[in-house]
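Chain by chain, the residues run as shown.
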Amino acid sequence: MSLEQAKKIAAFKAVDEYVRNDTVVGVGSGSTVVYAVQRLAERVKAEGLRLVCIPTSFQARQLIIDAGLVLGDLEQNPRIDCAIDGADEVDADMVLIKGGGGCLLQEKIVASCAAQLIVIADYTKDSKRLGEQYKKGIPIEVVPMAYVPIRDRIATKYGGKLQLRMAVAKAGPVVTDNGNFILDWHFPDTIVNGWDEINRDIMMIPGVVETGLFVKMATKAYFGLADGSVIERSA
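Structural notes, computed from the coordinates. Bear in mind the structure is a predicted one, so any value in this text is a computation, not a measurement.

### A look at the pairing of strand E7 (residues 138-142)
- Where burial is concerned, most of E7 is hidden: five out of the five residues are buried.
- In E7, alternate side chains face the same way, and those of Ile 138, Ile 140 and Val 142 on one face and Pro 139 and Glu 141 on the other are all buried.
- Bridge analysis of E7 against strand E9 (residues 181-186) gives five bridges, and the strand direction is antiparallel. By the bridge assignment for E9, Pro 139 is matched with Asp 184.
- As judged from the three bridges shared by E7 and strand E10 (residues 208-211), these two strands associate in the antiparallel manner. When the sheet's bridge partners are listed, Glu 141 is paired in E10 with Glu 210.

### Some thoughts on the nonpolar core
- In this structure, Val 19, Val 27, Leu 40, Ile 84 and Tyr 222 are the most contacted members of the largest nonpolar core, which totals 27 residues.
- Elements that contribute at least two residues to this core include exactly helix H1 (3-18), strand E1 (23-27), helix H2 (31-47), strand E2 (51-55), helix H3 (58-66), strand E3 (82-85) and strand E6 (117-122).
- Broken down by element, this core gets its largest block of residues, six residues, from H1.
- In this structure, Val 142, Ile 154, Phe 181 and Phe 187 belong to the second largest nonpolar core, which totals 24 residues.

### Comments concerning the sheet that holds E2
- A sheet is described by the order of its strands in space; here six strands give the open sequence E2-E1-E3-E6-E12-E13, paired in mixed fashion. Since the sheet does not close on itself, it has two edges, and those belong to E2 and strand E13 (230-234), each with one partner. This sheet shows a mean twist of 20° between the axes of neighbouring strands, independent of strand direction.
- Seen against the sheet, H1 touches E3, E6, strand E12 (220-224) and E13 and runs at an angle of roughly 145° to E12.
- This element, H3, spans E1 and E2 of the sheet and lies at about 155° to E2.

### Regarding the packing of aromatic side chains
- If you walk through the whole model with that rule in mind, you get six aromatic pairs.
- Residues Tyr 158 and Trp 185 carry aromatic rings whose centres are separated by 5.8 Å and whose planes lie at 50° to one another, so their mutual orientation is tilted. Of the two residues, Tyr 158 sits in helix H5 (residues 147-158) while Trp 185 sits in strand E9, which places them 27 residues apart along the sequence. There is no split in this pair, since Tyr 158 and Trp 185 are both buried.
- Members of the aromatic cluster, joined through ring pairs, are Tyr 158, Trp 185, Phe 187 and Trp 195.
- Over the ring of Phe 214 we find Lys 98; its NZ or CZ atom is 5.6 Å from the centre of that ring.
- Over the aromatic face of Phe 214 sits the side chain of Lys 108, whose NZ or CZ is 4.9 Å from the ring centroid.

Cut-offs applied
Residues numbered from 1 in each chain as written. Predicted model: local features only at pLDDT ≥ 70, side-chain atom pairs only at ≥ 80, totals over all residues. Heavy atoms only, no water. Buried < 20%, exposed > 50% of the residue type's maximum accessible area, 1.4 Å probe, protein only. Helix = DSSP H or I, 4+ residues; strand = E, 2+ residues; numbered from the N terminus. Pairing = 2+ DSSP bridges. Core = buried A, V, L, I, M, F, W, Y, C linked by side-chain atoms within 4.5 Å. Axes fitted to C-alpha atoms, helices over the stretch in contact; angles between N-to-C directions. Contact = heavy atoms within 4.5 Å. Phe/Tyr/Trp six-rings, centres within 6.5 Å; stacked < 30°, edge-to-face > 60°. Lys NZ or Arg CZ within 6 Å of the ring centre and 35° of its normal.

So, to be careful, I would describe these as geometric facts and stop short of saying anything about function.
Written out as C-alpha cells, the structure is:
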C-alpha cells in the first residue's frame, strides 16, 4: 500500500468514528487532511449530516469550499466539537510536531478550541521520540524583526541549529498566512523529553508567536499502515 493510501485509510476511519451530525469540525492542513475533507463531503451527501467546518489555513479553507461543505469561523463558532488534523511526527507520549506546511499558529488556535484533537497520519509519522523520523526540526513562528535574537537565545540555551525557512518559488524567507517568519529548530538528540517545559520557555521569548510543539493537546492518533490496517493511539 502506498503512503497516499495509508493516509486515506487513517483519515477515513477518524472521520467515521469522530464526526457526528450537528457538530462543528476543525479542518486541519496538509496532504492527509485532503482525504478527511473528501470523507466529510461523502458523508454529508450520503447521510445528510449538518456540519460547520472551521479551517486552519488558506489551504483548508479552499478544501472546504471546493468540497461544498459549510465554511465557518471562530467568531461565530468559538467551540469546536472535534478538530481533525495531520502531524509531522507523533511520539510515544502523544507530543506532536506540526507546522511543516507553515500553518502551525492557526492549527494550534483551532485545536485549542476543540473538545477533541484527532490526528491522522501515515506510519512514517509514528515515532518513539521526536526527531526519530522527522528531520526538518520544530517550526517556530516568529515576528520578522526578532528572528535573529530568538534564534540565538534558543541555540544558546538548548543547543542545536535554527534555520530561517526559505521559500521555494519566491526569493527570500517563507511568510506565513499571518505575515510572520518560521525558524526550524534542529534540536540536539540529547533532548528526549521535557517538551512541555521547553515549549513554555520558548513561548516566553518576546517575538515568538507560536511553536509547532503540540503538548497534551491530542486526544487520539490514527496511523495508516502499509498493509492496509490502521493502528490507534490515545492520550
